[in-house]
Amino acid sequence: MATRREMLRAGMALPVYQAGEFGVRPDGATLNTQGIQRAIEKAAAAGGGVVYFGPGNYLTGTISLRGNVTLYLEAGAVIRGSKDRRDYQHGCLIYAEDAANAAIRGRGTIDGNGSAFWKRAGGRWQIGEWRPGNMLQFVRCENLMLEDVTLRGSPAWTVHPIDCDRVTIRGISIVNGLTPDDHGPNTDGIDPDGCTRVRISDCYIQSGDDSIVLKITRRTGGSRVCRDITVTNCVLVTRETALKIGSETYGEFRNIAFSNCVVRDAGCGVGLWMRDGGVIDGWSVNNISMTLTDGGQPVYMTSFPRSRLSEKGAPVEEERPPGTVHNVVVSNLTAIGDGCIFLSGMQEKPLEGVVLDNIRIRMRGGREKKLHAQPPYPFPLWGHRQSPYDVFCRHVDDLKLRDVRITWDTPEKAVWGSAVRCVNVSNLEIAGFAGRQARGSPAPAILLRDTRHAYIHGCWAPEETGTFLGLEAGTRDVALMNNDLSRARQAVSFASGADSKELFQSGNRPPAG
């Protein structure tokens, strides 16, 4: 049992309530729900305090955390969820509602015992007869803190703050299964839902589903704003999307910054799914390094209503207006994956104001992508692993590609085609681009179709470039200026229906041949 001096050294403000003083036994077999709750209620009644867990294994059902109360888990302390459905309330292991200044801290572990609620079928884990919901859930909590603890074995989403304000999540580790042997369904890492003033930093997150995803779910009442959020200095390991907004977008997302993160094994590095008529305005993603798994897509952003593209078997929702996405900047990104970048807005409501700056992608092409040549519209709902090999941009207004470099892994395949394709894009700037078509492909390095007001400048064609720029029908007002095309076989090609008068050229270094 920790002494008063040891607790002070751990940075805990008194009063401190030792869990063992309330009949809590760290033997891994005694159900401690009532004892833990008594300690929490005692601290809350005194105006706040610390409930301290020394080393040991604490079996429990649902714990309700109160305002001004901190759960402190010493190194070696493990709070483990019960396997019995009767021991759960609110569908989660730790729950707090309207609890200001609640916190969970320390070097110990919270284990959701997730695999106890799954069953094996079809070579993978699926939901059994019942499972608890999200492991840690916080509703309308202000000044919430999670610090240093390890969270593992979640039966569903791991951390789910709902309508919370001033959330700090710092230095925690989330360890959920990744492989088919231990990969449980829907084991997201952190899912802020309608939250404001959120800071997530210095975390390690290993999740079977999305790592960090901002959303506003469909529910009665509550916040319809997710804003003033930073995510930084995290290591993210996942089979799905590492940094994401959506797919639930029943509100506004504003002033969001993701930075300085490392991503590994993901199906998608940076993802945006606008599906529910909301607004995403002001999202910055900067300084991200990623190595992706089979079919992995570095950047995937799509906007299409849920009501028109529902999941298989799901009821079709009422029609909602198209969502608005504008002012999105992705910069200083390096990636190795089986695709490059996929942007697809709506024909009647394009993505607006997207900047891709200082991007380096090595495309492996390790998975066959049958939708590459003619990507359907709308694209399949969870289509990130099927998305094209190249930088494919469709239905976007005010798009800037600056200092983007695409290289192909070997052996190259002709079916990979162009490095960049733009379809129904307006107000396009491509500056400082370096890349070519895949070896053996007749496609141009850059292809424009139904694209208007394009300015391509300061680019250079690497060795083995065939045609640098290809114009197709519907493309108008294109300026090609001050580019080094000396290594290309041909500067420009015009497909049937393209008008050569729509191209202006000046200051280009022509092909040497």
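These lines cover the structure that appears in this document, whether it is placed above or below. (Residues numbered from 1 in each chain as written. Predicted model: local features only at pLDDT ≥ 70, side-chain atom pairs only at ≥ 80, totals over all residues. Heavy atoms only, no water.)

### As for empty space enclosed by the protein
Taking a probe equal in size to a water molecule and rolling it over the atoms shows the remaining empty space.
Then, in step 1: With the rule as written, the count across this model stands at two cavities of 30 Å³ or more.
Then, in step 2: There is about 110 Å³ of room inside the largest cavity.
Then, in step 3: As for the largest cavity, its lining consists of 14 residues, of which Thr302, Phe304, Leu309, Pro378 and Phe379 are closest to the centre.
Then, in step 4: Residues of the lining of the largest cavity, tallied by class, amount to nine nonpolar, four polar and one charged.
Then, in step 5: Roughly 30 Å³ of internal volume is contained in the second largest cavity. (1 Å grid on protein atoms, 1.4 Å probe; cavity = no way out; pocket = protein on both sides within 12 Å on 5 of 7 lines; lining within 4 Å. Points joined across faces, edges and corners; volume = space filled by probe spheres on them. Nonpolar A, V, L, I, M, F, W, Y, C, P; charged D, E, K, R; others polar.)

### Some details on the nonpolar core
Then, in step 1: Ranked by size, the top nonpolar core spans 126 residues in total, and within it Ile104, Phe138, Phe468 and Leu469 carry the most contacts.
Then, in step 2: Sorting elements by how many residues they give to this core places strand β32 (residues 391–408) first, with eight residues.
Then, in step 3: Other than its neighbours up to four places away in sequence, Ile104 contacts Leu65, Leu71, Leu73, Ile94, Ile110, Leu136, Phe138, Met145, Leu146, Glu147 and Val149.
Then, in step 4: Membership of the second largest hydrophobic core comes to seven residues, among which are Cys268, Trp273, Phe379 and Val423. (Core = buried A, V, L, I, M, F, W, Y, C linked by side-chain atoms within 4.5 Å. Buried < 20%, exposed > 50% of the residue type's maximum accessible area, 1.4 Å probe, protein only. Helix = DSSP H or I, 4+ residues; strand = E, 2+ residues; numbered from the N terminus. Contact = heavy atoms within 4.5 Å.)

### A word on the layout of surface pockets
Then, in step 1: Volume-wise, the largest pocket comes out at about 770 Å³.
Then, in step 2: Along the walls of the largest pocket sit 27 residues, with Asn186, Asp209, Asp210, Glu240 and Trp382 positioned nearest its centre.
Then, in step 3: Counting only elements with at least two residues in the lining of the largest pocket, the list comes to β12 (124–127) and β24 (241–249).
Then, in step 4: The element contributing the most residues to the lining of the largest pocket is β24, with five residues.

### Things to note about the pairing of strand β34 (residues 446–449)
Then, in step 1: Summarising the sheet, strand β33 (residues 420–431) and β34 pair through four bridges and their orientation is parallel. Opposite Val423, over in β34, you have Arg449 as the bridge partner.
Then, in step 2: Of the pairings in the sheet, the one linking β34 to strand β36 (residues 467–471) comprises three bridges and is parallel in character. Bridge pairing links Leu447 to Gly470 in β36. (Pairing = 2+ DSSP bridges.)

### Looking at the packing of aromatic side chains
Then, in step 1: In the structure shown here, the tally under the stated rule is 15 aromatic pairs.
Then, in step 2: With 5.1 Å between their ring centres and 85 degrees between their planes, Phe53 and Tyr58 make a pair best called edge-to-face.
Then, in step 3: For Phe53, a relative accessible area of 0% puts it in the buried group.
Then, in step 4: Residue classification places Tyr58 among the buried residues on the basis of a relative accessible area of 5%.
Then, in step 5: Where Phe258 meets Trp283, the ring centres are 5.7 Å apart and the plane angle is 85 degrees; that geometry is what we call edge-to-face. One end of the pair, Phe258, is in strand β25 (residues 252–264); the other, Trp283, is in strand β27 (residues 279–291), and 25 residues separate them in sequence. Take Phe258 and Trp283: they sit in the same class, and that class is buried. (Phe/Tyr/Trp six-rings, centres within 6.5 Å; stacked < 30°, edge-to-face > 60°.)

### Focus on the sheet that holds strand β5 (residues 63–64)
Then, in step 1: Pairing in this open sheet of four strands is parallel, and the strands run β5-β8-β13-β16 from one edge to the other. Single-partner strands in this sheet number two, and they are β5 and β16 (159–162).
Then, in step 2: Note: strand β13 (residues 136–139) against β16, four bridges, orientation parallel. Across the sheet, residue Val139 finds its bridge partner in β16, namely Ile162.

Note that every value here comes from positions in space, so none of it alone points to a role or purpose.
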